[in-house]
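Given next are the chains, with one letter for each unit.
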Amino acid sequence: MNPKSLDKLIGAFMMLPGVGAKTAQRYAYSILNSSDHEVNNLSKALLEAKHSIKFCAICGNFTEDDTCSLCKQREHIQICVVKEPKDIAALEKVKGLKCSYHVLHGVINPLEGITPNDIRIKELLTRVGKNETKEVIVATNPDVEGEATALYIAKILKPLGIKVTRLAQGISIGSDLEYADEVTLTRAIESRREL
């Protein structure tokens, strides 16, 4: 019923996480009702972000430079380990947290064939060895895969004399960090426990 190009546009929006058919259709209609200038600005912003953003050589966060601004500004005595770069944005809302970060870009998940060698654990070990890291806070999601990853990290870091802590309760099991509010995240950081 729709023109092919409209169906193609709707399909492109549906590739985005959390975007269903109705939302994709609304986005497509919005694009069709926008001026050429607005659509051109959107397409330029998409391409610019895609081509200029890369991963920080130290922590794995998004950056346009070789090293992200957080790694340039902060010491590496306390490193907070997260699954994805978007988790950093959630944790940065916590007042008083001035650690550096380490992005794993995944978690251990044997059912999907993801082993410790498939995520950035070797890089974490290298960082801990190079710096005078005193504590590693494991802030992976409180689900089965996040817990397995936290326990693995604790197992390999504890023999090195590194204090390994985990976010405390306050974040619901099965939820994602990006949806947690500031108060919940603050409590979780303050009540973290050693693994």
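Here, the structure is the one placed above.
Residues numbered from 1 in each chain as written. Predicted model: local features only at pLDDT ≥ 70, side-chain atom pairs only at ≥ 80, totals over all residues. Heavy atoms only, no water.

Observations concerning the sheet that holds strand E3 (residues 78-82)
Part 1 of the argument: A sheet is described by the order of its strands in space; here five strands give the open sequence E4-E3-E5-E6-E7, paired in mixed fashion. Bordering the open sheet on either side are strand E4 (100-103) and strand E7 (193-194), each of which pairs with just one other strand.
Part 2 of the argument: Where E3 lies against strand E5 (residues 135-138), four bridges are found, and the strand directions are parallel. Of the residues in E5, the one forming a bridge with Gln78 is Glu135.
Part 3 of the argument: Packed on one face of the sheet, helix H6 (residues 121-130) meets E3, E4 and E5 and runs near 155° to E4.
Part 4 of the argument: This element, helix H7 (residues 144-157), spans E3, E5 and strand E6 (163-166) of the sheet and lies at about 170° to E6. (Pairing = 2+ DSSP bridges. Helix = DSSP H or I, 4+ residues; strand = E, 2+ residues; numbered from the N terminus. Contact = heavy atoms within 4.5 Å. Axes fitted to C-alpha atoms, helices over the stretch in contact; angles between N-to-C directions.)

Digging into the layout of surface pockets
Part 1 of the argument: The computed volume of the largest pocket comes to approximately 300 Å³.
Part 2 of the argument: By residue number, the principal contributor to the lining of the largest pocket is helix H3 (residues 36-52), which donates four residues.
Part 3 of the argument: The calculated volume of the second largest pocket comes to roughly 250 Å³.
Part 4 of the argument: Surrounding the second largest pocket, Leu46, Ala49, Lys50, Ile53, Lys54, Phe55 and Phe62 form its lining.
Part 5 of the argument: Elements that contribute at least two residues to the lining of the second largest pocket include exactly H3 and strand E1 (54-55).
Part 6 of the argument: Counting residues per element, the lining of the second largest pocket draws most heavily on H3, at three residues.
Part 7 of the argument: Looking at side-chain class alone, the lining of the second largest pocket contains five nonpolar, no polar and two charged residues. (1 Å grid on protein atoms, 1.4 Å probe; cavity = no way out; pocket = protein on both sides within 12 Å on 5 of 7 lines; lining within 4 Å. Points joined across faces, edges and corners; volume = space filled by probe spheres on them. Nonpolar A, V, L, I, M, F, W, Y, C, P; charged D, E, K, R; others polar.)

What about the side chain of Ser100?
Part 1 of the argument: With respect to the helices and strands, the residue Ser100 is situated in strand E4.
Part 2 of the argument: At a separation of 3.2 Å, a polar atom in the side chain of Ser100 contacts the side chain of His76.
Part 3 of the argument: Apart from residues no more than four positions distant in its own chain, Ser100 is found in contact with Arg74, Glu75, His76, Gln78, Ile79, Cys80 and Arg127. (Polar contact = N/O pair within 3.5 Å; in protein donor to acceptor, adjacent residues only side chain to side chain.)

Examining the packing of aromatic side chains
Part 1 of the argument: Inspection of the entire model under this criterion finds two aromatic pairs.
Part 2 of the argument: Ring centres of Phe13 and Tyr27 lie 5.4 Å apart, and the angle between their planes is 70°; on these two criteria the pair is classed as edge-to-face. One end of the pair, Phe13, is in helix H1 (residues 4-14); the other, Tyr27, is in helix H2 (residues 21-33), and 14 residues separate them in sequence.
Part 3 of the argument: Note on Phe13: relative accessible area 17%, which makes it buried.
Part 4 of the argument: Accessibility expressed as a relative area gives 37% for Tyr27, which makes it partly exposed.
Part 5 of the argument: Relative to Phe62, the ring of Phe55 lies with its centre 5.7 Å away and its plane at 20°, an arrangement referred to as stacked.
Part 6 of the argument: Judged by its relative accessible area of 46%, Phe55 falls in the partly exposed class.
Part 7 of the argument: Look at Phe62 and you get partly exposed, because its relative accessible area is 47%. (Phe/Tyr/Trp six-rings, centres within 6.5 Å; stacked < 30°, edge-to-face > 60°. Buried < 20%, exposed > 50% of the residue type's maximum accessible area, 1.4 Å probe, protein only.)

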